[in-house]
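Breakdown of the fold
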Amino acid sequence: CMISFPGYDTVIQELYTHNQEHVFEYWDELSGKEKKLLLDDLSSVDVSQLESLFTTACSETPAPLTYAPAAYTAVPRTAEENELYSQARRMGEEHIRNGKVAAFLVAGGQGTRLGFDGPKGAYPVGPVSGKSLFHIHGEKIRAYSKKYDTVIPWLIMTSVVNHEATVDYFTTRKYFGLRKEHVFIFPQNMIPSLDLSGKLILKNCYSLFKNPDGHGGSLTALRTSGMISEMERRGIATISYFQVDNPLVKIIDPVFIGFHVMEKADISSKGMMKTGPREKVGVFVERSDGKSGILEYSDMTEEMQDARDPKGDLVYCMGNPAIHLFSLEFIKDITSGGSLSLPYHVAKKKIEALRSGGYSEIRGYKFEKFVFDAIPLAKKTILLETVREEEFAPVKNKSGEDSVETARELMNRLSFKWLAARNIPVPDITKVVEISPLRAVEPEDLAGEVPPREKVYLD
Ligand code: UTP
């Protein structure tokens, strides 16, 4: 028969109605406090929504839209294009100098592939310094603030999985020299995972297994954390979005910002040439409903991936490095009244579950929202090509492809490229160079010499 608890009978009824009463498997063993914890956890869950997500996850729905490749502004080659870039840079620099830009880091992911015990941002990546991702990002923001003589607020989204550890990390390292009042760390929402038969999963006797609701949860999190109003108060107009696992990202890029401002875009994105047809990145597309968007690698047919134009170039060539600018006004607009509903994507993942009296590893569905699903909601978007080696070094895996090793090697190569651009000689003995963002955030900032050592840190 149905369990009962004062004040929670509707919640309990709802779970029985949806055949989810197994979540009360340990009910008789729980203390009064634990019963309440479980019921509070369950009250926050939308069981009908999960039911429909599960139905969608199980059905093979054909893609409702057709696509064409997105138009983009290519890396400048002609004098005219270079002039346009200079104009954009001047405009972007003015916008930054006037304190209109905030940096927004999403760091709420679980970093499962890296398998590191701690927030992914605490992972040491500096090839010489051993500095962590957070440390490198923090130094960049300090450097840009100094360069443009302004305050750049830094918004950092975490999730309950790593929130406290992230706050501790920043506190013990004194915010990497940034003023604490300009750094905002806040968690995103969580959503329950389901097992392969659509049942809720217990993490322990009195709570559900949940996962962070994807980087797409970041726009809602800006609203619920009060960050939209805080940024408005500060006169911010542009939010520069980046992900924690890319040590090369130009967090504040005057040219990109300039184009965004010039075009009055709601969302601007950077795109990079795919390395080949099978590279596992989403691509920028124009959809048949007239909207722009990104199509996930997994949603592309092989025919689409392989398509070539008459010159032999890939048709769907602009890959997504996950670097965007959002106008604050646009985020405010789409999140007003709690109405932003980006679609959920589903992935089958391993989950540590409590059932029938013991823990076991099961397979289940995790649901996540993707930030780029906001692109089709925008009236005006732009896409700017960026040179991959200058801006993209993803740290996803422990070793091999897209790992710490490849990222360190890419950082090293870029240092050499910057030194060459400045005609600064590198001694033969020197094999690894790391440039602190405090020394230079772009080659133009770089001066001085490279001392004759095998590994050199220019700070
Ligand atoms: P990924 O999708 O690569 O996930 O995140 P991840 O958590 O880093 O790693 P895996 O897949 O578990 O191995 C890309 C970026 O989006 C953020 C991550 O922190 C990273 O900066 N993210 C992802 C969130 O902020 N929240 C999420 O729910 C998911």
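The present account deals with the structure reproduced in this document. (Residues numbered from 1 in each chain as written. Predicted model: local features only at pLDDT ≥ 70, side-chain atom pairs only at ≥ 80, totals over all residues. Heavy atoms only, no water.)

Per the secondary structure count, the chain includes 13 helices and 20 strands. Along the first, second and third principal axes, the C-alpha atoms of the chain reach 80 × 55 × 45 Å. Among the 459 residues that make up the chain, the fraction classed as buried is 51%. Taking all contacts inside the chain whose residues are at least 6 apart in sequence as the whole, residues at least 24 apart take part in 72%. Of the accessible surface of the chain, which amounts to about 21700 Å², a share of 50% is contributed by carbon and sulfur atoms. (Helix = DSSP H or I, 4+ residues; strand = E, 2+ residues; numbered from the N terminus. Buried < 20%, exposed > 50% of the residue type's maximum accessible area, 1.4 Å probe, protein only. Contact = heavy atoms within 4.5 Å. Areas by Shrake-Rupley, 256 points an atom, 1.4 Å probe, with all protein chains shown as cover.)

Time to look at unusual backbone geometry. With a phi close to 50°, Lys174 is a non-glycine residue in the positive phi region. Given a relative accessible area of 65%, Lys174 falls into the exposed group. Backbone geometry places Asp402, a non-glycine residue, at a positive phi of 45°. On the secondary structure map, Asp402 appears in the loop between helix H12 (388-391) and helix H13 (404-421).

Turning our attention to the pairing of strand S10 (residues 238-243). Of all six residues in S10, six are buried; the element is thus mostly enclosed. Here S10 shows a buried face lined by Thr238, Ser240 and Phe242 and a second buried face lined by Ile239, Tyr241 and Gln243. Across four bridges, the pairing between S10 and strand S15 (residues 324-327) is antiparallel. When the sheet's bridge partners are listed, Ile239 is paired in S15 with Phe326. (Pairing = 2+ DSSP bridges.)

So, on to the site of the ligand. As a structural note, the neighbourhood of the ligand is formed by 18 residues, with Val106, Thr112, Arg113, Gln188 and Lys396 the closest of them. At a separation of 2.7 Å, an oxygen atom of the ligand approaches a polar backbone atom of Arg113. Contact between the ligand and Gly214: an oxygen atom at 2.8 Å from a main-chain N or O atom of the residue. Taking 560 Å² as the accessible area of the ligand by itself, protein coverage stands at 90%. Split into classes, the residues belonging to the shell around the ligand amount to five nonpolar, nine polar and four charged. (Near = heavy atom within 4 Å. Polar contact = N/O pair within 3.5 Å; in protein donor to acceptor, adjacent residues only side chain to side chain. Nonpolar A, V, L, I, M, F, W, Y, C, P; charged D, E, K, R; others polar.)

On to the layout of surface pockets, then. Volume-wise, the second largest pocket comes out at about 960 Å³. Residue lining of the second largest pocket: 42 residues in total, with Lys250, Glu390, Trp418, Glu442 and Pro443 positioned closest to the centre. Of all the secondary structure elements, the ones that give two or more residues to the lining of the second largest pocket are helix H4 (79-97), helix H5 (133-147), helix H9 (254-262), strand S18 (381-385), H13 and strand S19 (432-435). Residue contributions to the lining of the second largest pocket peak at six residues, all from H13. Partitioned by chemical class, the residues of the lining of the second largest pocket number 24 nonpolar, four polar and 14 charged. (1 Å grid on protein atoms, 1.4 Å probe; cavity = no way out; pocket = protein on both sides within 12 Å on 5 of 7 lines; lining within 4 Å. Points joined across faces, edges and corners; volume = space filled by probe spheres on them.)

Right, let's get into the pattern of salt bridges. Overall, the coordinates contain 26 salt bridges when judged by the stated rule. Ionic pairing is found between Asp40 and Lys36, a salt bridge with its closest N-O pair at 3.2 Å. Residue Asp40 and its partner Lys36 are located together in helix H2 (residues 32-43), separated by four residues, close to a single helical turn. A relative accessible area of 40% means that Lys36 is categorised as partly exposed. Glu230 is paired through a salt bridge with Arg233; the nearest N and O atoms lie 2.9 Å apart. Here Glu230 and its partner Arg233 are both found in helix H8 (residues 227-233), three residues apart, which amounts to about one turn of the helix. (Salt bridge = Lys/Arg side-chain N within 4 Å of Asp/Glu carboxyl O.)

Here we take up the side chain of Thr158. Its place among the elements puts Thr158 in strand S3 (residues 154-158). In this view, Thr158 contacts Ala107, Gly108, His163, Thr166, Ile185, Phe186, Pro187 and Gln188; residues no more than four positions away in its chain are not counted.

For the pair H4 and H9, interaxial distance at closest approach is 6 Å and the crossing angle is 90°. When the axes of H4 and H9 are compared, the pair comes out roughly perpendicular. Between H4 and H9, the residues in contact are Leu84, Tyr85, Gln87, Ala88, Arg89, Met91, Gly92, Glu93, His95 and Ile96 and Pro254, Val255, Ile257, Gly258, Phe259, Val261 and Met262, respectively. Of the residues belonging to the contact of H4 with H9, the class tally is eleven nonpolar, four polar and two charged. (Axes fitted to C-alpha atoms, helices over the stretch in contact; angles between N-to-C directions. Parallel < 35°, antiparallel > 145°, perpendicular 65-115°, else oblique.)

One pass over the full model with this rule turns up 17 aromatic pairs. Each ring, one from Phe104 and one from Tyr241, has its centre 6.1 Å from the other, and the planes form 85°; the classification is edge-to-face. Of the two residues, Phe104 sits in strand S2 (residues 101-106) while Tyr241 sits in strand S10, which places them 137 residues apart along the sequence. For the pair Phe104 and Tyr241, one class covers both residues: buried. On the basis of an interplanar angle of 65° and a centroid distance of 5.4 Å, the ring pair of Trp154 and Phe170 is categorised as edge-to-face. Linking Trp154 in strand S3 with Phe170 in helix H6 (residues 163-172), this pair joins segments that are 16 residues apart in sequence. Take Trp154 and Phe170: they sit in the same class, and that class is buried. One aromatic cluster is present, built from ring pairs that chain together Phe134, Trp154, Tyr169, Phe170, Tyr175 and Phe176. (Phe/Tyr/Trp six-rings, centres within 6.5 Å; stacked < 30°, edge-to-face > 60°.)

A word on H6. All of the buried residues along H6 are Thr166, Tyr169 and Phe170. Projected onto a plane normal to the axis of H6, the buried residues spread over an arc of 95° and lie on a single side. Every exposed residue of H6 that faces more than 90 degrees away from the buried side is listed here: Glu164 and Thr172. Buried residues in H6 make contact with H5, S3 and strand S4 (183-187). Two residues or fewer after H6 comes Lys174, characterised by a positive phi angle close to 50°. (Arc of directions from axis to C-beta.)

Once that is clear, we can look at the pairing of S4. Burial analysis of S4 places four of its five residues in the buried class, the great majority of the element. Both S3 and S4 contribute to a ladder of five bridges, which runs parallel. Bridge pairing in S4 links Ile156 to Ile185.

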